[in-house]
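Descriptive analysis of the structure
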Amino acid sequence: MSYLTPNYSPLNISFVHGSGCYLFDKNDNKYLDCLSGVGVMVLGHSHPKIVNAICKQAKNLIHTSNWYHIDLQEQLAEKLCKLANLNKVFFANSGAEANEAAIKVSRLFANKNNISNPIILTANNGFHGRTMATLSATGNKKVQNKFDPLMSEFINIDFNDLAAIKQYTNNPNVVAIMLEPIQGEHGVIIPNDNYLQNVRKICNENNWLMILDEVQTGIARTGKMFAFEYSNITPDILTIAKGLGCGVPIGACLIDEKYSNLLTINTHGSTFGGNPLVCSAAIAVLNTIESEKIIENVNLISDYFKNQIQTLDQSKIKQIRIKGLMIGIELNIEPKDLMQLALDEKILINTTNNTIRLLPPLIFGKKEVDIVISKISKLIKKL
Ligand SMILES: *Cc1c(COP(=O)(O)O)cnc(C)c1O
């Protein structure tokens, strides 16, 4: 009997410690982690620099509240703004909360422009979180099922379809478009090369906010610090979370100067948001990504993955989609029970929408890729 609500269905295993790309159960069995706690543990488990930053900060000061200055928050915000070419940051505790902040800024933007029925365009099969606003934004009926009434301002358009967006250019109520640069939860769906550039252009022409949800793609996951860098654009609002704290709960909403002042005093807040503990971890994450040349590693290992993945039996594979260390192997058969079968083989993977999704730690080496390929080869033979 469990005292937990039954909304998850965890596999029958629990891990007791982790090191680098590996996790260990109570019998000291070793598992290769190709999921990083859903894209979170970018520097692997128990990275000494992150552990030290957290321990040192915990001994010093964990939390004070946003009623007082938090120097570490200022430091982290400056780093993030310089990396993303944006101007102001609001700190939250999760991806959904970072998106909530972005949605609230859109409301304030609508209010300023006297639009009383604002519309935000979001993509079919996207994912933005599980709070009421973000599940309303999420273009997936499974996430929304039984939660009516949803927030009515979100209209779903097809991802990677510019014509679908252009249908709304003469609708005066549209205030924003919110997209993932690569759809993660739906199985690593990568749009055409010029898609985001054209979305940026449409937003400029129509005075719409361009909101990019990089909760999964951000923090070096795709081989750049942020996936939007591939398109030579900057969004008006950028949300990040997963990899930012390498395991401590932190989300951030970065905003262009033109819109950041909409968040005037008392329009938004969070008790925990950006407290000294999580900021010290996130600063250590960003410093370590730089000092250990993590982005270079992501690109090197990504290329190696692309080569080695070709050695898999292609008859069961419909499409392979890779950007950095965000990897989708779409099968032409249903990968049922594959997460459990993989666990039996001592590797952690995810399946979504007939796709094997891998989000390995960004410190992955060639040795780890070789293990993954041989295990997946064995696993898909069983299907
Ligand atoms: C995971 C995810 C979220 C939600 O993040 P939480 O921290 O679970 O609230 C939002 N958007 C994207 C793209 C995600 O991958």
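Residues numbered from 1 in each chain as written. Predicted model: local features only at pLDDT ≥ 70, side-chain atom pairs only at ≥ 80, totals over all residues. Heavy atoms only, no water.

A word on the site of the ligand
Around the ligand lies a shell formed by S94, G95, A96, N99, F127, H128, G129, E180, D213, V215, Q216 and K242. Taking 380 Å² as the accessible area of the ligand by itself, protein coverage stands at 80%. Per-element tally for the shell around the ligand: the top contributor is helix α4 (residues 95-112), with three residues. The residue inventory of the shell around the ligand, partitioned by class, reads three nonpolar, six polar and three charged. (Near = heavy atom within 4 Å. Areas by Shrake-Rupley, 256 points an atom, 1.4 Å probe, with all protein chains shown as cover. Helix = DSSP H or I, 4+ residues; strand = E, 2+ residues; numbered from the N terminus. Nonpolar A, V, L, I, M, F, W, Y, C, P; charged D, E, K, R; others polar.)

Concerning the nonpolar core
Ranked by size, the top nonpolar core spans 87 residues in total, and within it F305 and F364 carry the most contacts. Residues in contact with F364, not counting those within four places in the same chain, are C21, L32, D33, C34, N297, I301, F305, L325, V369 and V372. Core analysis: the second largest hydrophobic core is formed by 23 residues, A101, A110, C253 and Y259 among them. (Core = buried A, V, L, I, M, F, W, Y, C linked by side-chain atoms within 4.5 Å. Buried < 20%, exposed > 50% of the residue type's maximum accessible area, 1.4 Å probe, protein only. Contact = heavy atoms within 4.5 Å.)

Here we look at the pattern of salt bridges
Applying the stated rule across the entire model yields twelve salt bridges. Residue D303 is joined to K306 by a salt bridge in which the shortest nitrogen-to-oxygen separation is 3.6 Å. Of this pair, D303 and K306 both sit in helix α11 (residues 294-309), three residues apart, which is roughly one turn of that helix. Look at K306 and you get partly exposed, because its relative accessible area is 36%. As a salt-bridge pair, E345 and K382 come within 3.7 Å of each other at their nearest N and O atoms. With E345 in the loop between α12 (338-344) and β13 (347-348) and K382 in helix α13 (residues 366-382), this pair connects stretches of sequence that are 37 residues apart. Residue classification places E345 among the buried residues on the basis of a relative accessible area of 11%. (Salt bridge = Lys/Arg side-chain N within 4 Å of Asp/Glu carboxyl O.)

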